[in-house]
Amino acid sequence: QDAKKSKEVLMKFNRPYLVSIPLVFQSFTEWQESDLGLHPVQVALQVALPEIDGAIEPIIYAGRDAQSGRAIPMQDRIEALATRSLN
């Protein structure tokens, strides 16, 4: 957890600090239909804290299967994340 070193590396490669988030507490449908959006614990741990370190554009890349609890990758979001990381 060396923020200074991380910043140096990202600046050297001219790349942003992007945050990719799997839904942990919600299925993709629950997240989409929620008035609250992302679960507050995930907001704190996977959005707010990384933003303090300079992260931008948190992108949800997987939803939780309501029955098995397994993460289900969402191809369009993975492609968006990959594209954004290269631009």
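Structure first, text after, so check above.
All figures in this text were calculated on a predicted structure; none of them were measured in a lab.

Trainee: An account of the side chain of Gln26 is requested, with residue identities and associated values reported.
Mentor: Positionally, Gln26 belongs in the loop between β1 (18-22) and α2 (28-33). Among the polar contacts made by the side chain of Gln26, one reaches the main-chain carbonyl oxygen of Gly37 at a distance of 2.9 Å. Setting aside residues no more than four positions away along its own chain, Gln26 makes contact with Trp31, Ser34, Gly37, Leu38, His39 and Arg64.

Trainee: Can you lay out unusual backbone geometry for me, pointing to particular residues and giving the numbers?
Mentor: Notably, Asn14 is not glycine yet its phi reads approximately 55°, a positive angle. Examined against the element boundaries, Asn14 turns out to sit in the loop between α1 (3-13) and β1. Notably, Glu57 is not glycine yet its phi reads approximately 50°, a positive angle. Classification of Glu57 as partly exposed rests on a relative accessible area of 37%.

The rules behind these values
- Residues numbered from 1 in each chain as written.
- Predicted model: local features only at pLDDT ≥ 70, side-chain atom pairs only at ≥ 80, totals over all residues.
- Heavy atoms only, no water.
- Helix = DSSP H or I, 4+ residues; strand = E, 2+ residues; numbered from the N terminus.
- Polar contact = N/O pair within 3.5 Å; in protein donor to acceptor, adjacent residues only side chain to side chain.
- Contact = heavy atoms within 4.5 Å.
- Buried < 20%, exposed > 50% of the residue type's maximum accessible area, 1.4 Å probe, protein only.

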